[in-house]
Amino acid sequence: MTSVGFGRAFLVSRLHFKMSSSKFTYEDAVQKLNLLQSNKSTIEQIRKDIRTGQGSTSAMCESILRTHGYRTGFYSSPHLVEVRERIRLDGSTLKRNQFAEYFCQVYNALHDTQTFEGDMPKYFAFLTVLAFNVFLKEKVDVAIVEVGIGGIVDYTNILRKVPVVGITALGLDHTSILGNTLPEIAGAKAGIMKRGCEAFTVNQPPEAMDVLRNASSNVECSLNVVPDFNTYKFQNGCKLSIKLEAYQINASLAIQLSHAWMRLARRNASYTLLRKQMNGNITTDGIETTNTAKGNEEPVLVDTLTKETVLGLKECEWPGRYHIIKTDYGQFYLDGAHTKESMEICAQWFLENNRQHRKVLIFSATGDRNAEMLLKPLMNIDYFETVFFVIPTAYTEVTKKSDNYSAMEHKELLSRCKNHASMWENLNGKSKIVVLQCVADALTSVKNNYPNTSVLITGSLHLVGAALSIIDPNLSKG
């Protein structure tokens, strides 16, 4: 999480916007963006270079800061239905015309000035540049930037002066890119720590925590472990109950991150006033590394939640995570879990909330995920009548103008679904197994053959997004 003012000089000096006579529609922007997707050779090179980002926490940070009156910018990934969801202003997704206008400006500026030596940045790099420039143009007070994959090599790591950073619970995610062990992954994630920043994390396994502590020491930044959610006190009786343990953990991290930024913002405002009064003669006290700040300053870790903080947590909306939708033909439970740990939490959440006897699973895992590791926690759920393994696109026909267009060959995706089906059969052997080429086919089958059934949709945010585009098409309006 960072105040965008720190990145202003770099970005503005690199990009001199010219209002172009050419205009893009939203569909034009998406098509041009899709042409920037990384190919397989690029991905392999990224993996070689490394060998030699949870959304709910970021969303809660944004909601807390916005509730406290700050103008927020929020950059996250991936999107569920439309790519513009990745960039939000004051809690709202960019409108289609806004996205197209900003895309046009950045695209033409990069093209005209040959900022990147004549080559356009790749998909995620372009979106990162686009988001940062939207925040600068819109003059947000604070930008909450969710790291994508890892920390060291993530495109968001262009930011060099970051006041506050947070590291969520570490798991064996993106192993082919970040490493095969928790210490390796912790080392990659620790790359977001910057000299002099305040870093916050949750309780981690000892081998991961040792890596984070060493990294914080190397860059001379503080590292604080957030308290258990159940230890917080509340002002004016504004009690907040969060049942799911994982959400409690993420909420506590979000609380500390947002309050740390507000504390620094207030202090910086005071320093600015004092600097004016003293003609610039001012010194700072250095890095805070304990729970109690120096002198009469506010403590580093807050222990009492204001009504604004509680309201921010209550009103935080994050589609696709622990998301329940009731329709006239069934109840859908959607969760974009894609790590072993998050899938275990997903299974627990489904067991605690589902009341129907008939159950159906729609599953898809993307990229380099260990699908068997994701499927095993679902064995704890008593008997899915049918399991659908699907390609994570809404419909069979996907064009280059689609937000979720992928250059990956259709045959490879279908082959992956068949492999996942074989894994499930070996693990379970009781459920009926169906392999389909799109999410719409699975939902049609549910509607026609499984009335009043609970449907768990999980394994991939891409899958959840495809399902939401059909079940709740209002997500794509605007």
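A few points on the structure. Only a predicted model underlies this, so the values are computations on that prediction, with no experimental measurement involved.

## Topic: the packing of aromatic side chains
Argument step 1. Per the counting criterion, the structure on display carries 21 aromatic pairs.
Argument step 2. Arranged with centres 6.4 Å apart and planes meeting at 75°, the rings of tyrosine 75 and phenylalanine 132 form a pair that is edge-to-face. Taken together, the residues span a long stretch of sequence, with tyrosine 75 in strand E1 (residues 72-75) and phenylalanine 132 in helix H6 (residues 123-138) at a distance of 57 residues.
Argument step 3. Of the residues examined, phenylalanine 132 reaches a relative accessible area of 5% and is grouped as buried.
Argument step 4. In textbook terms, an aromatic cluster arises when at least three aromatic residues are bridged by ring pairs, as seen for Tyr247, Tyr322, Tyr333, Trp349, Phe350, Phe384 and Trp424.

## Quick look at the pairing of strand E15 (residues 453-458)
Argument step 1. For E15, a buried count of six out of six residues is recorded, marking the element as mostly surrounded by other parts of the structure.
Argument step 2. Every second residue of E15 is oriented toward a common face, with Thr453, Val455 and Ile457 on one face and Ser454, Leu456 and Thr458 on the other, all of them buried.
Argument step 3. The sheet contact formed by strand E11 (residues 330-335) and E15 spans six bridges and is parallel. Counterpart to glutamine 331 in the pairing with E15 is serine 454.

## Looking at the sheet that holds E15
Argument step 1. The strand order across the open sheet formed by six strands is E10-E11-E15-E12-E13-E14, and the pairing between neighbours is mixed. Of all the strands in the sheet, the pair left with one neighbour each is strand E10 (323-327) and strand E14 (432-436). Ignoring strand direction, the axes of neighbouring strands in this sheet form an average angle of 20°.
Argument step 2. Along the sheet, helix H14 (residues 410-427) makes contact with strand E12 (359-363), strand E13 (386-390) and E14, crossing E14 at roughly 170°.
Argument step 3. Most of the contacts of helix H15 (residues 439-449) go to E13, to which it runs at about 160°, and overall it touches E11, E12, E13, E14 and E15.

## Structural notes on the nonpolar core
Argument step 1. With 48 residues, the main nonpolar core has Leu33, Phe99, Phe103, Phe126, Leu130, Phe135 and Met193 as its most contacted residues.
Argument step 2. When residues of this core are traced back to their parent elements, those giving at least two are helix H2 (26-34), strand E2 (87-89), helix H5 (96-113), H6, strand E4 (142-145), strand E5 (164-167), helix H8 (182-189) and helix H9 (206-218).
Argument step 3. When residues in this core are grouped by element, the largest group, nine residues, is from H6.
Argument step 4. Beyond its immediate stretch of four places on either side in the chain, leucine 130 contacts Ile87, Phe99, Tyr102, Phe103 and Val106.
Argument step 5. Residues Phe200, Val202, Tyr232 and Ile242 belong to the second largest nonpolar core, which totals 35 residues.

## Observations concerning H15
Argument step 1. Regarding H15, the residues found buried are Val439, Ala440, Ala442, Leu443, Ser445 and Val446.
Argument step 2. Structurally, H15 contributes buried residues whose contacts are with E11, E12, E13, E14, E15 and helix H16 (461-471).

## Re the packing of H15 against H16
When two helices pack together, their arrangement is captured by the angle between the axes and the distance separating the axes.
Argument step 1. Their axes nearest at 9 Å, the elements H15 and H16 cross at an angle of 55°. Judged on the interaxial angle alone, H16 and H15 are oblique. The hand of the H15/H16 crossing is right-handed. Seen from H15, the contacting residues are Val439, Ala440 and Leu443; seen from H16, they are Leu463, Ala466, Ala467, Ile470 and Ile471.

Calculation notes
Residues numbered from 1 in each chain as written. Predicted model: local features only at pLDDT ≥ 70, side-chain atom pairs only at ≥ 80, totals over all residues. Heavy atoms only, no water. Phe/Tyr/Trp six-rings, centres within 6.5 Å; stacked < 30°, edge-to-face > 60°. Helix = DSSP H or I, 4+ residues; strand = E, 2+ residues; numbered from the N terminus. Buried < 20%, exposed > 50% of the residue type's maximum accessible area, 1.4 Å probe, protein only. Pairing = 2+ DSSP bridges. Axes fitted to C-alpha atoms, helices over the stretch in contact; angles between N-to-C directions. Contact = heavy atoms within 4.5 Å. Core = buried A, V, L, I, M, F, W, Y, C linked by side-chain atoms within 4.5 Å. Parallel < 35°, antiparallel > 145°, perpendicular 65-115°, else oblique. Left-handed = near helix turned anticlockwise from the far one by under 90°.

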